[in-house]
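Remarks on the overall topology
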Amino acid sequence: MSNPTTIPVPAEVGLLYDRLTALDTAAQGGSLHLGYWDLDDNEVPLVDAADRLTDLMTDALRLEKGHQVLDVGCGVGQPAMRIAVRTGAHVTGISISRDQIARATELAEAAGLADEAEFRHADAMELPFPDNSFDAAIAIESIFHMPDRERVLSEIRRVLRPGGRLVLTDFFERAPIPADKQPAVDRLLRDFIMTLARPEDYVPMLGRAGLRFVELRDITEQSVRQTFEQMSRSEQDLDPVFDEEADEKFSPAAMIDVDEFGSVLLTAQKPV
Ligand SMILES: C[S@@+](CC[C@H](N)C(=O)[O-])C[C@H]1O[C@@H](n2cnc3c(N)ncnc32)[C@H](O)[C@@H]1O
């Protein structure tokens with residue numbers, strides 16, 4: 001296992017994303033997650049491939065017009081706005097970063113979507129919403145920053161209505177990471193304040209959180225390598241974002257060949 005010993009602290013994750021928000025994220029169209037490529041179309045730009053991952057996850061929610069959706073760890077709101085426009089659902093995004101919430105709110109107003117996509121500063125470990133208040137929940141690459149996955153799942157179950165669906169993506173160790181690749185993974189986990197999941201934990205964890213397992217899909221082949229390849233070709237320097245004096249910081253290029261680092265897409269449902 002390559003999980004670092006440190007458990008993420010939400011306030012620190014919030015400050016990390018405040019710093020990231022100060023950078024120009026336009027190159028990624030505002031989405032802060034991996035792209036999704038069908039196996040023969042690797043040249044699709046990351047910005048479009050990232051929207052595709054959002055769409056794939058949205059489709060798994062089976063939304064209807066007027067549904068209330070919770071976006072847990074919403075970034076600067078690009079996925080929430082896209083979901084609202086594509087489905088006619090109302091999306092409430094939460095983030096632990098106050099600057100992301102300010103930016104997401106500005107962007108939604110500028111896009112004329114302030115009524116359809118709303119944003120609020122909150123910690124996913126203690127969701128500030130009543131029981132049974134959402135028809136669906138989505139968490140795109142956010143749960144790996146949270147100190148206790150099971151507690152987050154339990155909170156999401158609480159705020160979902162019976163029958164409501166959850167879809168999330170998470171990073172996991174597909175196979176033991178070889179010693180020569182471990183430093184690159186450790187830098188990624190340290191600089192982005194993350195832990196890696198163990199996919200075999202998910203089904204029992206869902207059960208303890210009161211959610212019904214629907215599907216677990218390894219989407220690594222469609223997402224990870226292509227994203228790190230495209231990130232490594234981009235001009236954007238992320239070093240100033242990391243709160244570390246370390247000589248060596250996260251490098252997308254160093255992650256390209258780490259085939260053991262995976263991404264998983266999970267769908268679950270609150271029992272009726
Ligand atoms: C990699 S970004 C993904 C953002 C967005 N889902 C997207 O795909 O564009 C991770 C997000 O999770 C949020 N996050 C991390 N820990 C959180 C917590 N404890 N409570 C709420 N949001 C959190 C971060 O603030 C950030 O918005």
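Residues numbered from 1 in each chain as written. Predicted model: local features only at pLDDT ≥ 70, side-chain atom pairs only at ≥ 80, totals over all residues. Heavy atoms only, no water.

Within the protein one finds nine helices and seven strands. The globule rule puts the C-alpha radius of gyration for 272 residues at 19 Å, and the 17 Å found for the protein is close to it. Considering only C-alpha atoms, the protein reaches an extent of 50 × 45 × 40 Å along its principal axes. Burial status across the protein gives 56% buried among its 272 residues. Sequence separation of 24 or more characterises 79% of the internal contacts of the protein that already satisfy a separation of 6 or more. Carbon and sulfur atoms make up 49% of the accessible area of the protein, which totals about 11900 Å². Positive and negative side-chain charges of the protein, numbering 27 and 49 respectively, have mean locations separated by a distance of 6 Å. (Helix = DSSP H or I, 4+ residues; strand = E, 2+ residues; numbered from the N terminus. Rg over C-alpha atoms; globule rule 2.2 N^0.38 Å. Buried < 20%, exposed > 50% of the residue type's maximum accessible area, 1.4 Å probe, protein only. Contact = heavy atoms within 4.5 Å. Areas by Shrake-Rupley, 256 points an atom, 1.4 Å probe, with all protein chains shown as cover. Lys, Arg positive; Asp, Glu negative; His and termini not counted. Charge placed at Lys NZ, Arg CZ, Asp CG, Glu CD.)

Relative to each other, helix 2 (residues 46-61) and helix 3 (residues 78-87) sit at 55°, their axes nearing to 10 Å. In terms of their interaxial angle, helix 2 and helix 3 are classed as oblique. Remark: the crossing between helix 2 and helix 3 carries right-handed chirality. Counting all contacts with helix 2, which are made through Asp-51, Thr-54, Asp-55, Thr-58 and Asp-59, the residues of helix 3 involved are Gln-78, Pro-79, Arg-82, Ile-83, Arg-86 and Thr-87. (Axes fitted to C-alpha atoms, helices over the stretch in contact; angles between N-to-C directions. Parallel < 35°, antiparallel > 145°, perpendicular 65-115°, else oblique. Left-handed = near helix turned anticlockwise from the far one by under 90°.)

Not every one of the 22 residues close to the ligand is listed here, only the nearest: Leu-32, His-33, Gly-73, Gln-100 and Ala-124. With respect to the ligand, the side chain of His-33 contributes an N or O atom lying 2.5 Å from an oxygen atom. Side-chain polar atom of Ser-95 to an oxygen atom of the ligand: 2.9 Å apart, as the coordinates give it. Within the complex, the protein chains bury 98% of what would otherwise be the 590 Å² of accessible surface of the ligand. Among the elements that make up the shell around the ligand, the one with the highest residue count is helix 1 (residues 10-22) (three residues). For the shell around the ligand, the class distribution of residues is 11 nonpolar, nine polar and two charged. (Near = heavy atom within 4 Å. Polar contact = N/O pair within 3.5 Å; in protein donor to acceptor, adjacent residues only side chain to side chain. Nonpolar A, V, L, I, M, F, W, Y, C, P; charged D, E, K, R; others polar.)

Among the 10 residues that make up helix 6 (residues 182-191), seven are buried, leaving the element largely enclosed by the rest of the structure. Here helix 6 has its buried residues at Gln-182, Ala-184, Val-185, Arg-187, Leu-188, Leu-189 and Asp-191. Tucked into the core, helix 6 has its buried residues touching helix 1, helix 8 (220-233), helix 9 (252-255) and strand 7 (261-269). Backbone geometry just after helix 6 places Ile-193 at a positive phi near 55°.

The tally for this structure, following the rule as stated, stands at 21 salt bridges. Put simply, Asp-170 and Arg-149 hold a salt bridge, and the shortest N to O gap is 2.8 Å. Of this pair, Asp-170 sits in strand 5 (residues 160-173) while Arg-149 sits in helix 5 (residues 149-159), and the two are 21 residues apart along the sequence. We note a salt bridge from Arg-225 to Asp-257, for which the minimum N-O separation is 3.3 Å. Taken together, the residues Arg-225 in helix 8 and Asp-257 in the loop between helix 9 and strand 7 connect sequence positions 32 residues apart. Given a relative accessible area of 32%, Arg-225 falls into the partly exposed group. Taken together, the salt bridges that share partners define one network made up of Asp-51, Asp-55, Asp-59, Arg-82 and Arg-86. (Salt bridge = Lys/Arg side-chain N within 4 Å of Asp/Glu carboxyl O.)

Let us now look at the packing of aromatic side chains. Enumeration according to the criterion identifies eight aromatic pairs in this entry. Linked through ring pairs, Phe-144, Phe-171, Phe-192, Phe-228, Phe-242, Phe-250 and Phe-261 together constitute an aromatic cluster. (Phe/Tyr/Trp six-rings, centres within 6.5 Å; stacked < 30°, edge-to-face > 60°.)

In this structure, Phe-192, Met-255 and Phe-261 are the most contacted members of the largest nonpolar core, which totals 52 residues. Ignoring anything within four residues of it in the chain, the contact list for Met-255 reads Ala-184, Val-185, Leu-188, Phe-228, Phe-250 and Phe-261. Of all hydrophobic cores here, the second largest spans 30 residues; its members include Val-72, Ile-94, Met-125 and Met-146. (Core = buried A, V, L, I, M, F, W, Y, C linked by side-chain atoms within 4.5 Å.)

To summarise the sheet geometry, strands pair through backbone hydrogen bonds and adopt either a parallel or an antiparallel arrangement. Read from one edge to the other, the open sheet built from seven strands follows the order 3-2-1-4-5-7-6, with strand pairing classed as mixed. Sheet topology places strand 3 (117-121) and strand 6 (212-218) at the edges, where each strand pairs with a single neighbour. Taking each pair of neighbouring strands and ignoring which way they run, the sheet shows an average axis angle of 15°. Pairing geometry for strand 4 (residues 134-139) and strand 5, over five bridges, is parallel. Directly across from Ala-137, in strand 5, lies its bridge partner Leu-166. (Pairing = 2+ DSSP bridges.)

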